[in-house]
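Reading the structure
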Amino acid sequence: MDRLKGKVALISGGARGQGAAEARLFTAEGAKVVLGDVLDAEARAVAEQINKSSAQKCAHALRLDVTRGSDWRAAVDACEHEFGGLDILVNNAGIANVKGIVETSEEEWDAVVAINQKGVWLGMKAAIPAMRKRGAGSIINISSIYGLIGSAGSAAYHGTKGAVRLLSKAAAVQYAPENIRVNSVHPGVIKTPMVDALDDDLVAQITALAPMKRAGTAEEVAYVVLFLASNEASFVTGAEYVVDGGYTAV
Ligand code: NAD
């Protein structure tokens with residue numbers, strides 16, 4: 001119950017899907033959580049539900065557009081004002097895009113890069129100074145199996161998720177001397193609103209390629225993120241964790 005006792009976490013994209021599952025699990029394990037999203041009402045509802053079930057204020061929702069540096073600074077300030085500091089950042093917000101190189105417009109490319117790639121950098125840039133004040137930190141960047149392997153289509157998504165993988169390793173190398181760990185997580189097909197919005201046949205086709213022959217749940221990813229966030233992972237940095245039912249083992 002106390003794997004994150006005394007820690008404060010900031011989770012982007014916390015209004016639903018994996019981010020909301022992480023917020024629920026982290027608070028159940030003793031953390032205080034700030035969840036930021038562009039879906040204001042949904043994020044508030046997640047925080048309210050957590051606070052109600054735990055009978056104390058351990059979650060706080062705010063508007064965070066991960067493409068805006070000023071939003072990130074306000075989110076880190078909120079962690080410090082509401083809960084006294086920042087120990088854990090989960091760069092979870094992301095959007096899908098299933099178009100190929102030729103089919104992707106410049107506007108679509110820029111939007112995917114802004115959220116999936118620049119957003120991760122901005123999050124780390126804002127969080128690291130606050131972690132320094134605590135003398136340690138854990139950053140978990142949510143990439144994808146599509147940040148490890150290619151597929152036909154999803155060009156911008158592959159490009160950004162691959163970038164998150166190496167950005168995580170670069171940050172891990174740079175900040176290891178300051179006891180700030182940085183790891184990437186690479187989910188396979190996970191049943192969340194993101195996947196629900198995709199074409200059913202496409203999802204069934206991709207799911208069938210994993211040896212476990214099923215989609216994962218948001219909670220199955222959240223438990224891996226929890227481990228990386230906790231002191232149990234004190235010697236783990238610069239690593240990439242797949243949560244994919246064996247997809248990338250084939
Ligand atoms: P989801 O769509 O349910 O949740 C994503 C959240 O990010 C949403 O709440 C959304 O509002 C938020 N978001 C989008 N743009 C934002 C912005 N500009 N600023 C702040 N928040 C923003 O999807 P999910 O499956 O929970 O995705 C979580 C992460 O996991 C994403 O980075 C996604 O790319 C990655 N991922 C998902 C899968 C999957 O199969 N679901 C697989 C691999 C990787």
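In the block above lies the structure referred to throughout.
Please read these numbers as outputs of a predicted model, since none were measured by experiment. (Residues numbered from 1 in each chain as written. Predicted model: local features only at pLDDT ≥ 70, side-chain atom pairs only at ≥ 80, totals over all residues. Heavy atoms only, no water.)

**Re the layout of surface pockets**
- What the largest pocket holds in volume is close to 1,000 Å³.
- Every residue lining the largest pocket is counted, 46 residues in all, and those nearest its centre are G94, I95, A96, Y157 and M194.
- Considering every element that reaches the lining of the largest pocket, the biggest residue donor is helix α7 (residues 200-208), with four residues.
- Grouping the amino acids of the lining of the largest pocket by side-chain chemistry returns 26 nonpolar, 16 polar and four charged. (1 Å grid on protein atoms, 1.4 Å probe; cavity = no way out; pocket = protein on both sides within 12 Å on 5 of 7 lines; lining within 4 Å. Points joined across faces, edges and corners; volume = space filled by probe spheres on them. Helix = DSSP H or I, 4+ residues; strand = E, 2+ residues; numbered from the N terminus. Nonpolar A, V, L, I, M, F, W, Y, C, P; charged D, E, K, R; others polar.)

**Thoughts on the site of the ligand**
- Looking at the ligand, there are 29 residues lining it, with R16, D37, N92, Y157 and T192 nearest.
- A distance of 2.8 Å separates an oxygen atom of the ligand from a polar side-chain atom of R16.
- Within the side chain of D65, an N or O atom sits 3.1 Å from a nitrogen atom of the ligand.
- With the chains in place, 95% of the 820 Å² that the ligand exposes on its own is no longer accessible.
- Among the cavities detected, the one that contains the ligand is the largest pocket. (Near = heavy atom within 4 Å. Polar contact = N/O pair within 3.5 Å; in protein donor to acceptor, adjacent residues only side chain to side chain. Areas by Shrake-Rupley, 256 points an atom, 1.4 Å probe, with all protein chains shown as cover. Sits in = over half its atoms within 2 Å of the grid points.)

**Considerations on the pairing of strand β2 (residues 32-37)**
- For β2, the buried fraction is high: five of the six residues fall into the buried class.
- Here strand β1 (residues 8-12) pairs with β2 via five bridges, running parallel. Directly across from V8, in β2, lies its bridge partner K32.
- After leaving β1, the chain enters helix α1 (residues 17-28) and then returns to the sheet as β2, a path that is right-handed.
- Pairing geometry for β2 and strand β3 (residues 59-63), over five bridges, is parallel. Residue pairing in the sheet places D37 in a bridge with R63 of β3.
- The handedness of the β2 to β3 crossover, carried by helix α2 (residues 40-54), is right-handed. (Buried < 20%, exposed > 50% of the residue type's maximum accessible area, 1.4 Å probe, protein only. Pairing = 2+ DSSP bridges. Right-handed = clockwise from strand over helix to strand, strands pointing away.)

**Description of the sheet that holds β2**
- The seven strands are arranged β3-β2-β1-β4-β5-β6-β7 in an open sheet whose pairing can be described as parallel. The sheet is open, and its two borders are formed by β3 and β7 (240-243), each paired with just one other strand. With direction set aside, neighbouring strand axes in the sheet form an average angle of 20°.
- Sheet strands in contact with α1 are β1, β2, β4 (88-91), β5 (137-142) and β6 (180-187), and its direction is about 170° off that of β1.
- Packed onto the sheet, helix α5 (residues 155-175) meets β5, β6 and β7 and runs at close to 160° relative to β6. (Axes fitted to C-alpha atoms, helices over the stretch in contact; angles between N-to-C directions. Contact = heavy atoms within 4.5 Å.)

**So, α2**
- Relative to the 21 Å expected for 15 residues at 1.5 Å per residue, α2 spans 21 Å between its end C-alpha atoms, a close match to the ideal helical length.
- Residues of α2 that are buried sit in contact with α1, β2 and β3.
- A55 sits one or two positions beyond α2 and adopts a positive phi of about 55°. (Expected span 1.5 Å × (residues − 1).)

**Quick word on the nonpolar core**
- With 35 residues, the main nonpolar core has F26, V33, I88, V90, I140, V185 and V225 as its most contacted residues.
- Looking at this core, the elements with two or more residues in it are β1, α1, β2, α2, β3, β4, β5 and α8 (218-229).
- Counting residues in hydrophobic clusters, the runner-up holds 30 residues, among them W72, V76, L122 and A127. (Core = buried A, V, L, I, M, F, W, Y, C linked by side-chain atoms within 4.5 Å.)

**Let's talk about unusual backbone geometry**
- Look at A55: it is not a glycine, yet its phi comes out positive at around 55°.
- Checked against the element boundaries, A55 lands in the loop between α2 and β3.
- Look at S154: it is not a glycine, yet its phi comes out positive at around 60°.
- Tracing the sequence through the fold places S154 in the loop between β5 and α5.

**As for the pairing of β6**
- The buried fraction of β6 is high, at eight of eight residues.
- Of the two faces of β6, the one holding I180, V182, S184 and H186 and the one holding R181, N183, V185 and P187 are both buried throughout.
- As for the winding sense of the linkage, the β-α-β connection from β5 through α5 to β6 is right-handed.
- Sheet topology places β6 next to β7; four bridges connect them, and they run parallel. Pairing of V185 across the sheet is with Y241, part of β7.

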